[in-house]
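Letter by letter, the chains look like this.
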Amino acid sequence: MTARVQTAPFDLAAEMRGFGEGAGAIVTFSGVVRDDNGRMTALEIEHYPGMTERALNDYGQEAARRFDLTDWRIIHRHGHLAVGEQIMMVATAARHRRAAFDAADYLMDWLKSRAPFWKREIAHDGSGKWVEAKTSDEEALTRW
Amino acid sequence: MTLDILYFAWLRERIGQPRERVETDAATIRDLVAELAACDEWHAAAFADMSAVRCAVDQQLAELDTPLAGSREVAFFPPMTGG
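Note that residues are indexed from 1 along each chain, following the sequence as it is written. Whichever chain is written first is A, and whichever ligand is written first is 1; the rest continue in order. Since the coordinates come from a predicted model, pLDDT governs what is reported: local features require at least 70, and pairs of side-chain atoms require 80 or more to be given and counted, while whole-chain, interface and lining totals use all residues. As a rule here, side-chain values come from all non-hydrogen atoms in the structure, and water together with hydrogens is ignored.

Per an unreviewed UniProt entry, chain B is named Molybdopterin converting factor subunit 1, and its organism is Paracoccus saliphilus.

Looking at an unreviewed UniProt entry, one finds chain A named Molybdopterin synthase catalytic subunit and attributed to Paracoccus saliphilus. What UniProt states about chain A under its Subunit (unreviewed entry) heading is, verbatim, "Heterotetramer of 2 MoaD subunits and 2 MoaE subunits. Also stable as homodimer. The enzyme changes between these two forms during catalysis." UniProt positions are given in the numbering used here, feature names are shortened, and annotations may be inferred rather than shown by experiment. UniProt's Catalytic activity (unreviewed entry) comment on chain A is quoted here verbatim: "2 [molybdopterin-synthase sulfur-carrier protein]-C-terminal-Gly-aminoethanethioate + cyclic pyranopterin phosphate + H2O = molybdopterin + 2 [molybdopterin-synthase sulfur-carrier protein]-C-terminal Gly-Gly + 2 H(+)".

Structure, rendered in structure tokens:
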């Protein structure tokens, strides 16, 4: 039951060692930097130190309560991340698969629009452009 | 009261600094925004469209009508794009 914000890469397999021991279902999701238009080389991710950790912990605890999780983990990176690098991961453990899937989905929806991270796309020429929030991400929260 | 004001992402760039300390009697975030926007053209530009600005008081997400009494830190930022 941990949330971490860090610049360093993480090893998904290492993170999952011992995670959710005794659970019937474990779901992991990881987000990877992708280049949609062939112009991007990296993302720069800014966050709000102090508030970000608090927000991730709050959402993790809320998911645990709501879906009766036996374990959860959130890791989100910040700083300069090249295309292909992992940005973040969410893992959930529960007695049954539906709860584990739903909790991971719930956490991703909240992270997208409520955790204080901002992405800037870095192009091949070094110029940067802030990624705008999508209304679809905001609408996704109404599901819960 | 003395408030630490923090700016992130394009608000930080538009205002030209990540944080500042202000003396204010603003009752709500809305009042504080009006005071800050009157500082100079950079603040005015940053706060020109409040539908594109989110805020937090003492590291909890807040609305424009949130009271500021007893607060220490107010942050302004664009809609989040994590995950």
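**Overview of the pattern of salt bridges**
Residues and elements named next belong to chain A. Basic side-chain nitrogens of Lys or Arg form a salt bridge, by our definition, when they fall within 4 Å of a carboxyl oxygen of Asp or Glu. One pass over the structure, following the stated rule, counts 13 salt bridges over all chains. A salt bridge links R34 to D36; the nearest nitrogen and oxygen atoms lie 2.8 Å apart. We note that R34, like D36, is exposed. For R143, the salt bridge goes to D105, with nearest N and O atoms at 3.2 Å. Pair noted here: R143 is in the segment after α4 (135–140) and D105 is in helix α3 (residues 97–114), with a separation of 38 residues, a long-range link. Shared partners join several salt bridges into a network, and the residues in it are R4, E15 and R73. Buried residues are those whose accessible area, probed at 1.4 Å on protein chains only, stays under 20% of the maximum for their type, while exposed residues exceed 50% and partly exposed ones sit between those limits. Helix numbering and strand numbering both begin at the N terminus, where a helix is a DSSP run of H or I of at least 4 residues and a strand a DSSP run of E of at least 2.

**Section: the environment of I45 of chain A**
All names here are of chain A. With respect to the secondary-structure elements, I45 resides in strand β3 (residues 40–47). Each C-alpha atom, one on I45 and one on V33, is 11 Å from the other, the two residues being 12 residues apart in sequence. The contact criterion used is simple: two residues touch if any of their non-hydrogen atoms lie within 4.5 Å. Every residue in contact with I45, bar those within four places of it in the chain, is listed here: H76, R77, H78, G79, L81, I87, F117, W118 and K119.

**Considerations on the packing of aromatic side chains**
Residues and elements named next belong to chain A. To pair, rings of Phe, Tyr and Trp, with the six-membered ring standing in for Trp, must have centres within 6.5 Å; the planes then decide the type, stacked if under 30 degrees apart, edge-to-face if over 60, and tilted in the middle. Going through the model one piece at a time under the given rule, you end up with 13 aromatic pairs over all chains. Between Y106 and W110, the aromatic rings sit 6.1 Å apart at their centres with planes inclined by 50 degrees, giving tilted as the arrangement. Note that Y106 and W110 are positioned in helix α3 at a spacing of 4 residues, about one turn of the helix. We classify W110 as partly exposed; its relative accessible area is 21%. In this structure, R120 packs its charged tip against the face of W130, placed 5.5 Å from the ring centre. Criterion for a charge above a ring: Lys NZ or Arg CZ within 6 Å of the ring centre, and within 35 degrees of the ring normal.

**A closer look at helix α2 (residues 51–67) of chain A**
Here, expected helix span is obtained from the residue count minus one, scaled by 1.5 Å. Given a rise of 1.5 Å per residue, 17 residues ought to cover 24 Å, and the 24 Å separating the end C-alpha atoms of α2 of chain A matches this to within 8%. Those residues of α2 of chain A lying buried are M51, T52, A55, L56, Y59, G60, A63, A64 and F67 of chain A.

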